[in-house]
Amino acid sequence: MAETIGELKTGVGEAGSLEAFGYKQELKRALSFWDLIVFGLIFISPTAPMAVFGSVYNHAHGMPSLVYLIGLVAMLFTALSYRTMARAFPVAGSAYAFATRGIGVSVGFFAGWAMLLDYVMVPTLAYVFAAAALNAMFPDLPRWVALMGFIVVVTITNVLGVEATSRFNKLMLWVQLLVLAAFVVMAVIGITHGVAGAKVSTAPLFQKGFVTPPLLFGALSIAALSFLGFDGISTLSEEAKGGSSAVGRATILCLCIAAVLFVLQTWLASLFVLGKPAFAGGDASDHAFVDISAIVGGQWLKFGCAVLCIALGSAACALAGQAACARLIFGMARDGKLPRFLAHVSGKRRSPERATLIIAAITVVVGLLALDQLELLSTLVNFGAMTGFLLVHVAVLWHFGLKPGRNWFEHVLSPILGFAIIAYVVWNMDEKAQLLGAAWLVIGLVVLLILKLRKQPLEALPEA
């Protein structure tokens, strides 16, 4: 290979060519720009606020829509950093690949290790959400049975390859959007008739005297969970027909579409509980949106929100999360940072099936152990994702910030603002999640030291 390692680290070489970065094209390039949008929306889930509406409402003193608007601004800086790095390094691996190429191999390992916590826990959390939603509608169905059923179906779909995953994603996206459209229509009708005292109000967006930084950022740490997933698009860089350009555009657009849907549904739902300071704990909070949907449209709409949006929507999110995690593991294993047998790609389907199966096995164990630990799972997902986001911002600053010709907004101001916002969220997370997350990073340090002692090629990027 003609390029030197130094050139590879700066991204010099044939634009969009994996060979320029020391890799072969093993995964199948089958995803269009709109396939990427669908994947991102499914990973985020357009109806994600339904599952956490009660918690966000309580923490935001009845202003959930404002929290999601602030969440959009906060996440846009991170999305811009992802777009910047995806253009420079169009390889699978997401935060791991970006930190590795932008800063160095050891830092890249930590970024990948942190994101593993996110990407492993996202499918698990989604399965637990799905099982809880089904149990709410069908109390005689044990949660563990529902969880196992979802894991089997999702894993089989992912093993069949990225095209099968894309087809399933499209189907589930349409189902969620149709139910959400029905909720919007019925909510508007209910507001015009004053159902449950509903009326047009700006209270879900702003309440004078209650808007304080601690309140908003405290709620943001929960709401941020709803936005997680846009970053997963970058794991598909080697399977996107449009390459890094399509990945960058899809990341930004997907985040904006999700934010509009989040604000709309939480604003409408809040109008049916105007004046309510908070939901009671337990089921009253967990099922808040579902209970409101019953007021809005009766039992059929409650079924649609609980089963089609939360349960099946969570399963679709798990599908996307498992696919993203498998490709992160594939990228790390290909570089020797995880066991190399996990970099195996199936001959016919050209998908990382071993990485997919190992994720399924992990989610079975963690899911069964954490069936009643939704809040802890949520904060662990946030910790892993936010840590990876922090390192992506640092990678942009490190790689571009001191170079001539840099874009001051994209390469300096945006990553600094993004880093500051994410750091504040991490600082104000649940203490138990911080401790468990820190323990995960310590385990990563041990793994890194073992790799160094075994003289793995940690200080060199892979050759062709």
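Chemist: Run through the overall build of the chain, naming residues and quoting values.
Modeler: Assigned secondary structure in the chain consists of 17 helices and 0 strands. The contacts of the chain with a sequence gap of at least 6 include a subset with a gap of at least 24, amounting to 82%. For the chain, the computed accessible surface area is about 17700 Å², with 69% contributed by carbon and sulfur atoms.

Chemist: Quick one: what's the story with the environment of Phe77, residue by residue and with numbers?
Modeler: Inspection of the secondary structure puts Phe77 in helix H4 (residues 64-88). Phe77 sits 338 residues away from Pro415 along the chain, and the two C-alpha atoms are 6.5 Å apart. Excluding residues within four positions of it along the chain, Phe77 makes contact with His393, Phe409, Ser414, Leu417, Gly418 and Ile421.

Chemist: How would you explain the packing of aromatic side chains if you had to name every residue and give the values?
Modeler: Between two aromatic rings, the relevant description is the distance of the centres plus the angle of the planes. Per the counting criterion, the structure on display carries 16 aromatic pairs. Between Phe33 and Trp34, the ring centres sit 5.3 Å apart and the planes meet at 75 degrees, which makes this aromatic pair edge-to-face. For Phe33, a relative accessible area of 19% translates into the label buried. Among the residues examined, Trp34 registers a relative accessible area of 55% and is labelled exposed. An aromatic cluster is present here, built from Phe53, Tyr57, Phe183, Phe279 and Phe289 joined pairwise through their rings. The ring of Phe33 carries Arg249 above its face, with NZ or CZ at 4.6 Å from the centroid.

Chemist: Can you break down helix H7 (residues 143-159) residue by residue, with the values?
Modeler: Its 17 residues give H7 an end-to-end C-alpha distance of 24 Å, which sits within 8% of 24 Å, the value for a rise of 1.5 Å per residue. Here H7 has its buried residues at Ala146, Leu147, Phe150, Ile151, Val154, Thr155, Thr157, Asn158 and Val159. Among the structural elements, helix H6 (105-137), helix H8 (162-192), helix H13 (299-334) and helix H14 (353-369) are those in contact with the buried residues of H7. One or two positions beyond H7, positive phi appears at Gly161, with a value near 115 degrees.

Chemist: Describe the environment of Ser32, listing the residues and the values that go with them.
Modeler: If you trace the backbone, Ser32 turns up in the loop between helix H1 (5-10) and helix H2 (33-44). Taking the C-alpha atoms as reference points, Ser32 and Gly242, separated by 210 residues in sequence, lie 6.9 Å from one another.

Chemist: Please provide a residue-by-residue account of the packing of H4 against helix H16 (residues 408-427), values included.
Modeler: Each pair of packed helices gets described by two things: the angle between the helix axes and the distance between those axes. Packing of H4 against H16 brings their axes to within 8 Å, and their N-to-C directions diverge by 135 degrees. Accordingly, the angle class assigned to the pair H4 and H16 is oblique. Seen from above, H4 lies across H16 with left-handed handedness. Note on element contacts: H16 touches H4 through Phe409, Glu410, His411, Ser414, Pro415, Leu417, Gly418, Ile421 and Ile422, opposite Ala74, Met75, Phe77, Thr78, Leu80, Ser81, Arg83, Thr84 and Arg87. Here the contact of H4 with H16 is built from residues that sort into 9 nonpolar, 6 polar and 3 charged.

Chemist: Just give me the short version of the confidence of the model for the chain, but keep the residues and values in it.
Modeler: As a note on interpretation, predicted positions should not be read in detail where pLDDT is low. For the chain, mean pLDDT is 81; residues scoring 70 or higher make up 88% of the total. By mean pLDDT, H1 is the weakest element of the chain at 37, and helix H12 (residues 288-297) is the strongest at 93. Here residues 1-16 scores under 50 on pLDDT; set against residues more than four positions off or in separate chains, the count is 33 contacts. Note that residues 458-464 has pLDDT below 50 and, in this model, 25 contacts with residues that lie over four places away or in other chains.

Analysis parameters
Note that residues are indexed from 1 along each chain, following the sequence as it is written. With pLDDT at 70 or above as the cut-off, local features in this predicted model cover only qualifying residues; side-chain atom pairs require 80 or more to be listed or tallied, and sums for whole chains, interfaces and linings still use all residues. Processing note: side-chain calculations cover all non-hydrogen atoms of the structure and skip hydrogens and water entirely. Secondary structure counts use DSSP, requiring at least four H or I residues in a row for a helix and at least two E residues in a row for a strand, with both numbered from the N terminus. In what follows, a contact means two residues having at least one pair of non-hydrogen atoms within 4.5 Å. The method behind every accessible area is Shrake-Rupley, applied with a 1.4 Å probe, and residues are considered shielded solely by the protein chains displayed. Side-chain rings of Phe, Tyr and Trp (the six-membered ring for Trp) are treated as a pair once their centres are within 6.5 Å; stacked means planes under 30 degrees apart, edge-to-face means over 60, and tilted covers the remaining angles. A 1.4 Å probe rolled over the protein chains alone gives each residue an accessible area, and that area as a share of the maximum for its type sets the label: buried under 20%, exposed over 50%, partly exposed in between. Comment: the charge-over-ring label is applied if NZ (Lys) or CZ (Arg) is within 6 Å of the ring centre and within 35 degrees of the ring normal. Expected span of a helix: the number of residues minus one, times 1.5 Å. Here an axis means a line fitted to C-alpha atoms, over the contact stretch when the element is a helix, while the angle between two N-to-C directions is reported on a 0 to 180 degree scale. An angle below 35 degrees is read as roughly parallel, one above 145 as roughly antiparallel, one from 65 to 115 as roughly perpendicular, and any other as oblique. Here a crossing is called left-handed whenever its near helix is offset anticlockwise from the far helix by less than a right angle, and right-handed whenever the offset is clockwise. By the convention adopted, Pro, Cys, Tyr, Trp, Phe, Met, Ile, Leu, Val and Ala count as nonpolar, Lys, Arg, Asp and Glu as charged, and the other residues, Gly among them, as polar. Scored from 0 to 100, pLDDT records how confident the predictor is in each individual residue.

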